[in-house]
Amino acid sequence: MLRSFNNDNRPIIKLGLEYEDEEGSSLENDYIKQIRSKYWRTLFSDDQFMGLFTSNLKRKYLQHVEELKDYDFSFYNIYTLRIQLNKEMIQGVEDTILNLFEEFSHKHYYYETSKNIYLYNGWKTNKAHKINKKVIIPLSGYNDFWGKYSPTDYKVLDKLKDIEKVFNYLDDGKSEEIVINQTLKMAEHYQETRKIELKYFYVTFYKKGTCHIEFKNSDLLHKFNLFGSQRKGWLPPSYGKTTYKDMTAEEKQVIDQF
């Protein structure tokens with residue numbers, strides 16, 4: 001490997017890293033850290049490990065990959081991390097449910113006017129929304145630059161997978177599986193844009209950049225509305241804790257309209 005057989009100890013080739021780590025650290029340690037990062041990133045991108053988690057939790061942990069390069073990629077560390085993820089998963093899903101409830105109601109209600117919402121008298125407020133069977137959101141199934149139909153774009157997949165995970169949580173795993181990636185690949189191949197059937201809803205993409213979502217299961221939609229309305233404080237505190245006949249006239253009126 002040396003330049004000559006004499007006393008010249010300069011090498012013919014040199015071994016280096018593509019990215020230099022902090023100044024003063026050894027080549028060997030930098031190499032080990034970057035290899036660890038590669039494995040941690042791969043783990044957090046793998047559906048077998050992260051498939052149940054919503055995109056907000058995925059993003060959170062992908063941001064921590066840089067810190068994980070200091071930890072061995074070992075079964076113990078992976079298992080410990082999985083326990084931590086499981087503790088946060090329910091809160092992550094519940095946050096996603098509430099965000100979707102807000103998005104499906106007042107946030108995007110101006111898309112094709114009031115088709116997205118149904119107003120009822122919320123508890124002590126006039127601003128209460130209930131999600132109907134069909135909602136419209138700004139989600140383009142077409143490439144922004146070329147205008148080509150592309151429902152498998154990662155932004156579309158992430159959004160629809162989050163909605164599906166929310167209803168998985170509400171459904172308790174009772175509905176028959178429909179693989180979203182494969183379904184959208186087939187729709188892209190056959191240029192099918194209308195009423196594509198997914199696990200809990202149908203989707204229709206329009207060139208103007210909107211996506212129409214039609215829910216299949218009215219019971220799950222009711223659960224979704226209950227969760228959102230209760231967390232927003234739009235249902236009486238006694239809802240689900242007392243019988244209807246024991247409610248006040250004002251409480252009954254809210255329940256009837258809901």
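Fair warning: this is a prediction, and the values are worked out from it, not measured in the lab. (Residues numbered from 1 in each chain as written. Predicted model: local features only at pLDDT ≥ 70, side-chain atom pairs only at ≥ 80, totals over all residues. Heavy atoms only, no water.)

## Some thoughts on the sheet that holds strand E4 (residues 196-197)
What counts here: Pairs of strands are assigned from DSSP output, requiring at least two bridges between the strands. We count a stretch as a helix when DSSP gives it H or I for four or more residues in a row; a strand needs E for two or more, and each element gets its number in order from the N terminus. In what follows, a contact means two residues having at least one pair of non-hydrogen atoms within 4.5 Å. Axis definition: a line fitted to C-alpha atoms, over the contacting stretch in the case of helices. Angles run 0 to 180 degrees between N-to-C directions.
The 4 strands are arranged E3-E6-E5-E4 in an open sheet whose pairing can be described as antiparallel. Each end of this open sheet is capped by a strand with a single partner; those strands are strand E3 (134-137) and E4. This element, helix H6 (residues 154-171), spans E3, strand E5 (201-205) and strand E6 (211-215) of the sheet and lies at about 160° to E5.

## Description of the nonpolar core
We count it as follows: The nonpolar core is taken to be a set of buried Ala, Val, Leu, Ile, Met, Phe, Trp, Tyr and Cys residues, with the residues joined through side-chain atoms within 4.5 Å. Burial classes: relative accessible area under 20% of the type maximum marks a residue as buried, over 50% as exposed, and values in between as partly exposed (1.4 Å probe, protein chains only).
Formed by 44 residues in total, the largest nonpolar core has its most connected members in Phe104, Leu160, Ile213 and Phe224. Broken down by secondary-structure element, the contributors of at least two residues to this core are helix H5 (75-107), E3, H6, helix H7 (180-189), E5, E6, helix H8 (218-231) and helix H9 (249-257). When residues of this core are assigned to their parent elements, the largest contribution, 7 residues, is made by H6. Beyond its immediate stretch of four places on either side in the chain, Phe224 contacts Ile97, Leu100, Phe101, Phe104, Ile131, Val166, Phe167 and Leu170. Counting residues in hydrophobic clusters, the runner-up holds 13 residues, among them Phe44, Tyr61, Val65 and Leu85.

## Some remarks on the pattern of salt bridges
It is possible for side chains of opposite charge to pair when their charged atoms get near one another. Put simply, the test is: The salt bridge criterion pairs a side-chain nitrogen of Lys or Arg with a carboxyl oxygen of Asp or Glu, the two atoms within 4 Å.
Scanning the entire structure with this criterion turns up 10 salt bridges. Across the pair Asp70 and Lys33 runs a salt bridge whose closest N-O atoms are separated by 3.6 Å. Taken as a pair, Asp70 in the loop between helix H4 (65-68) and H5 and Lys33 in helix H1 (residues 27-44) lie far apart in primary sequence, 37 residues in all. Relative accessible area serves as the criterion here: at 45%, Asp70 is assigned to the partly exposed category. Three or more residues are tied together by salt bridges with common partners; here these are Lys133, Lys195 and Glu214.

## Here we look at the side chain of Lys199
Inspection of the secondary structure puts Lys199 in the loop between E4 and E5. Filtering out sequence-adjacent residues up to four positions away, Lys199 remains in contact with Glu164, Asn168, Ser175, Glu176, Glu177, Ile178 and Lys216.

## Observations regarding unusual backbone geometry
Of note in this structure, Gln191 is not a glycine but carries a positive phi near 55°. The class for Gln191 is partly exposed, based on a relative accessible area of 48%. Located in the positive-phi region is Lys195, a residue other than glycine, with phi close to 45°. Mapped onto the secondary structure, Lys195 falls in the loop between H7 and E4. When its relative accessible area of 47% is taken as the criterion, Lys195 is described as partly exposed.

## Re the pairing of E5
Counting buried positions along E5 gives 4 out of 5 residues, so the element sits mostly inside the fold. In this sheet, E5 lies alongside E4 in antiparallel orientation, the contact comprising 2 bridges. By the bridge assignment for E5, Glu197 is matched with Tyr202. What sits between E4 and E5 in their antiparallel hairpin is a turn of 3 residues. Direction of pairing for E5 relative to E6: antiparallel, over a ladder of 5 bridges.

## Observations regarding the packing of H6 against H8
Which entries qualify depends on this criterion: Each angle is binned into one of four classes, with values under 35 degrees roughly parallel, values over 145 roughly antiparallel, values of 65 to 115 roughly perpendicular, and all other values oblique. Side-chain classes are defined by residue name, with Ala, Val, Leu, Ile, Met, Phe, Trp, Tyr, Cys and Pro counting as nonpolar, Asp, Glu, Lys and Arg as charged, and the others, Gly among them, as polar.
With their axes 10 Å apart at the nearest point, H6 and H8 run at an angle of 95° to one another. Taken together, the axis directions place H6 and H8 in an arrangement best described as roughly perpendicular. Contact residues: Val166, Phe167, Leu170 and Asp171 in H6; Leu220, Leu221, Lys223 and Phe224 in H8. Considered class by class, the residues forming the contact of H6 with H8 number 6 nonpolar, no polar and 2 charged.

The values reported here are purely geometric and, on their own, carry no functional implication.
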